[in-house]
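Reading the structure
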Amino acid sequence: MTKRNNPNGNHIKVAFFSTKPYDKEYFESLNIEYRFNITFFESALNQSTANLCLGYEVVCAFVNDNLDSTVIRKLANNGVKMIAMRCAGFNNVDIKSSMQYEIKVVRVPAYSPEAIAEHSLALILTLNRKTHKAYNRVREGNFSVDRLMGFNLAGKTVGVIGTGKIGAAFAKTIKGFGCDVIAHDLYPSKSLMEKGIKYTDLDALFESSDIISLHCPLTPRTKHMICESSLSKMKNGVMIINTSRGALIKTSDVLQALVNKKIGYLGIDVYEQEENLFFEDLSERIIQDDTILRLNSFPNVLITSHQAFFTAEAMTEIVSTTLRNIHEFSVGKPLTNEVSPEMAR
Ligand code: NAD
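The residue count restarts for each chain, going from 1 along the sequence in the order it is written. The predicted origin of the model limits local features to residues at a pLDDT of at least 70 and limits the giving and counting of side-chain atom pairs to 80 or more, whereas totals for whole chains, interfaces and linings rest on all residues. As a rule here, side-chain values cover all heavy atoms of the structure and leave hydrogens and water aside.

So, about the sheet that holds strand β6 (residues 157–161). Strand pairing in a sheet takes place through backbone hydrogen bonds and is either antiparallel or parallel in direction. On the basis of which strands lie adjacent, the open sheet formed by 7 strands has the order β8-β7-β6-β9-β10-β11-β12 and parallel pairing. Of all strands in the sheet, those bounded by a partner on one side alone are β8 (198–199) and β12 (301–303). DSSP bridges decide pairing: two strands pair if at least two such bridges lie between them. Secondary structure counts use DSSP, requiring at least four H or I residues in a row for a helix and at least two E residues in a row for a strand, with both numbered from the N terminus. Alignment of β6 against strand β7 (residues 180–184), held across 5 bridges, turns out to be parallel. Counterpart to Val 158 in the pairing with β7 is Val 181. Each of β9 (211–214), β10 (238–242), β11 (263–268) and β12 is contacted by helix α4 (residues 113–129), which is oriented at about 145° to β10, the strand it contacts most. Its contacts with the sheet put helix α10 (residues 251–259) on β11 and β12, and the angle it makes with β11 is roughly 140°. Contacts are assigned to residue pairs with any non-hydrogen atoms lying within 4.5 Å of each other. Axis lines are fitted through C-alpha atoms, for helices just across the contact stretch, and the angle between N-to-C directions can take any value from 0 to 180 degrees.

This is the structure:
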């Protein structure tokens, strides 16, 4: 890679999309060390905003920005040389197009797997023990425990799909509750097996789990893995938790399974159509997405708005890795966290 004209790389102009107040606060504070020239755009990156990138070498994007082939072509025409994803997933980036236009893509591969693992646990405990409902009741002077009954986690079988950094952290944590943890991954982890976690094929996991937690990435192979046919193999009343990516679940099939009580509990931090909803305050607007409204109508569904990553520790790690990624690019060093085309398969 060619070395850029400033040895510190601090002339680099960065177009930062989908900015929230906490992004600006954390990035401005840690950018003091690098002094990159960052412009914070509140709008998401998509086909209509891609031309804002004219004159920027680096684009910094997040989970719901759209970096499809049209956007990538526009970025290339505007002189963008690198896309710095400030997240682990890159399913919203057309990696083939970025290769074609010689735009590098970097990401933050790990920033605090415990943050997401612990949020998955929060969804399980809330759905099960109904603390969100109890909180509201007691605040209103209703001290009845009627309809708040849960179940013991100890002794239940928990199926973990994907035992990379987050899945492994989750598996170890839930094992501490006395659960029997089974797992499925393309690459089973020896260290998890040594901790008593048993690997099975997907069908066996579907058949024997009381709780299923998804921690694999969204790829063509994993898209809609929770669908009518996989649901038919599961126990009646199964709890499904998804903190990974929305499209792992075929939402229309899951809605049907909630209606016919195949699914007993659903906890999701991600949603197939989340890009038009999540991270925004829409409380004064008419929500046009009928599916999320229907999901919200079930008493046994808990939805959070892609907040599993949102801890102070994770934010600090995301920001420092993203700035380090941009620094490596700016001084022509090898890119530690570059996304390769093989990873997108
Ligand atoms: P990772 O790369 O460490 O682990 C992913 C694991 O999934 C790997 O072990 C891989 O072998 C496995 N896998 C891949 N394809 C599979 C398949 N077909 N079947 C079974 N397993 C398969 O990633 P990670 O850091 O643990 O993150 C997992 C996912 O969590 C990310 O892809 C991202 O989508 C999501 N995530 C969500 C949030 C949030 O805030 N909700 C935050 C960070 C990451």
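The biggest cluster of nonpolar side chains holds 84 residues, and the ones touching the most others in it are Val 59, Leu 67, Leu 75, Ile 226, Ile 240, Ile 263 and Leu 266. The element best represented in this core is helix α12 (residues 312–330), accounting for 7 residues. Non-local contacts of Val 59, meaning those with residues more than four positions away in its chain, are made with Ala 15, Phe 17, Leu 45, Cys 53, Leu 75, Val 80, Met 82, Ile 83 and Ala 84. Side-chain atoms within 4.5 Å are what join buried Ala, Val, Leu, Ile, Met, Phe, Trp, Tyr and Cys residues into a set we call a nonpolar core. Only protein chains enter the accessibility calculation, which uses a 1.4 Å probe; a residue whose area is less than 20% of its type maximum is buried, one above 50% is exposed, and one in between is partly exposed. Residues Phe 170, Val 181, Met 239 and Ile 241 belong to the second largest nonpolar core, which totals 24 residues.

The topology assignment puts Ala 44 in the loop between β2 (37–40) and β3 (58–61). Using a relative accessible area of 30% as the deciding quantity, one classes Ala 44 as partly exposed. Contact partners of Ala 44, with chain neighbours within four places excluded, come to Phe 17, Ser 18, Thr 49 and Asp 65.

Moving on: the pattern of salt bridges. Each salt bridge in this description consists of a side-chain nitrogen of Lys or Arg and a carboxyl oxygen of Asp or Glu lying within 4 Å of one another. Using the criterion set out here, one finds 10 salt bridges in the structure. With a closest N to O distance of 3.8 Å, Arg 86 and Asp 23 form a salt bridge. Of the two residues, Arg 86 is situated in the loop between β4 (82–85) and α3 (95–100) and Asp 23 in helix α1 (residues 21–30); the sequence distance between them amounts to 63 residues. Comparing Arg 86 with Asp 23, the two get one shared label, buried. Measuring nitrogen to oxygen at the nearest pair gives 3.7 Å for the salt bridge that ties Lys 190 to Glu 194. With Lys 190 and Glu 194 both in helix α7 (residues 190–194) and 4 residues apart, this pair spans about one turn of that helix. Its relative accessible area of 61% is what places Glu 194 among the exposed residues.

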